[in-house]
Amino acid sequence: MVGQHFWHSGFRVDVVDGEIASTTDQLSKKVTRVLTLSATLENLGADTGFFGPSLAITTSDNSYPANEFANGVPDVPGGLKSKGTLVFLIDQEFDLASAELLVGNANENQARIPLNSSGDAVRLEPRELPIAGTLSMELVDLTFTSAALRYDVPDRHRQVEKGKLSLTLNFDVLSRKSGSWSIFATDLALILPDGIAIPPDDIVIGSLKGSDAGVSTTDRSARFLVDELPAGNYTLRLAPGSAFVGADGVTEATFDFSIK
């Protein structure tokens, strides 16, 4: 039994159990040992995805890469779970007591789980943030509903680079400008605790319908890449150019929040 789980590249993976099997070649008498892990793969993205990061079993004195041709990893529909198997060719010296599953390459955030319960796990668990409030200009409001810190980008099945986290701010937009207008990535900047400003890694905003009375567009988001230890005070600045500048002439607004 393994009974461990981790998050990586848009999946939550539960490693249920494992099996070590040996076969002997009748002619050469060579013994082959194979470790097979049974897992449940949950696709956290919206579209069908494939769980394909680099995988290896490490021990105190060796490492064993996954046999990609023998792995039984299916495409998983968005938001659903599938069963799969991870296969590793091991040797006679394989030390199960110190064995860990290492997920991801050295340039990205790596998950690491022990194959026995005595070791420490690096699960890369996402974190929800209690962020709420409104950024307001004469013609537009951004009302923040939630936020999350992750080591991956689920909808792209992408892992974030080592030492960074993705910070996603979720919000609704209320437009009081008649017609259809847009907020672009270049209109947003996140000011970090050290005073340095960074642009979004991506936004999901699109065209915003408006009216004098105000039209709400829900479930919008902006994603930024921040340091892995992100505690501190942040400011999101919106400077939308002429699109949402009203009669008051105010060209920008800010929203302050903290991460603890």
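Just above, that's the structure.
A few points on the structure. Bear in mind the structure is a predicted one, so any value in this text is a computation, not a measurement.

**Here's the deal with the pairing of strand β12 (residues 133–136)**
Okay, so step 1: Pairing between β12 and strand β13 (residues 140–150): 4 bridges, direction antiparallel. The partner of L135 across the bridge, within β13, is L142.
Okay, so step 2: Hairpin connection of β12 to β13: 3 residues between the antiparallel strands.

**Overview of the layout of surface pockets**
Okay, so step 1: Here the largest pocket defines a volume of roughly 530 Å³.
Okay, so step 2: Lining the largest pocket are 22 residues, with D155, T168, N170, S221 and R223 positioned closest to its centre.
Okay, so step 3: Those elements that place two or more of their residues in the lining of the largest pocket are β13, β14 (152–153), β16 (164–175), β20 (202–204) and β22 (215–227).
Okay, so step 4: With 5 residues, β22 is the largest single contributor of residues to the lining of the largest pocket.
Okay, so step 5: Looking at the lining of the largest pocket residue by residue, the class counts come to 7 nonpolar, 6 polar and 9 charged.
Okay, so step 6: Here the second largest pocket defines a volume of roughly 160 Å³.
Okay, so step 7: Taken together, the residues of the lining of the second largest pocket break down into 7 nonpolar, 3 polar and 1 charged.

Rules used throughout
- Every chain's residues receive numbers from 1 upward, in the order its sequence appears when written.
- Per-residue local features are limited, in this predicted model, to residues with pLDDT of at least 70; the limit for side-chain atom pairs, both in listing and counting, is 80 or more; totals at the level of whole chains, interfaces and linings are taken over all residues.
- Side-chain metrics rest on all non-hydrogen atoms present in the structure, leaving aside hydrogens and water.
- Only strands joined by at least two bridges in the DSSP assignment are considered to pair.
- By the criteria applied, helices consist of DSSP H or I runs no shorter than four residues and strands consist of E runs no shorter than two, each listed in order from the N terminus.
- Only protein atoms enter the calculation, which uses a 1 Å grid: trapped sets of points that fit a 1.4 Å probe without letting it out are cavities, open sets showing protein on both sides within 12 Å along at least five of seven lines are pockets, and any residue with an atom within 4 Å of a point is a lining residue.
- Grid points are joined across faces, edges and corners, and a volume is the space filled by probe spheres set on the points.
- Ten residue types, Ala, Val, Leu, Ile, Met, Phe, Trp, Tyr, Cys and Pro, are classed as nonpolar, four, Asp, Glu, Lys and Arg, as charged, and the remainder, Gly among them, as polar.

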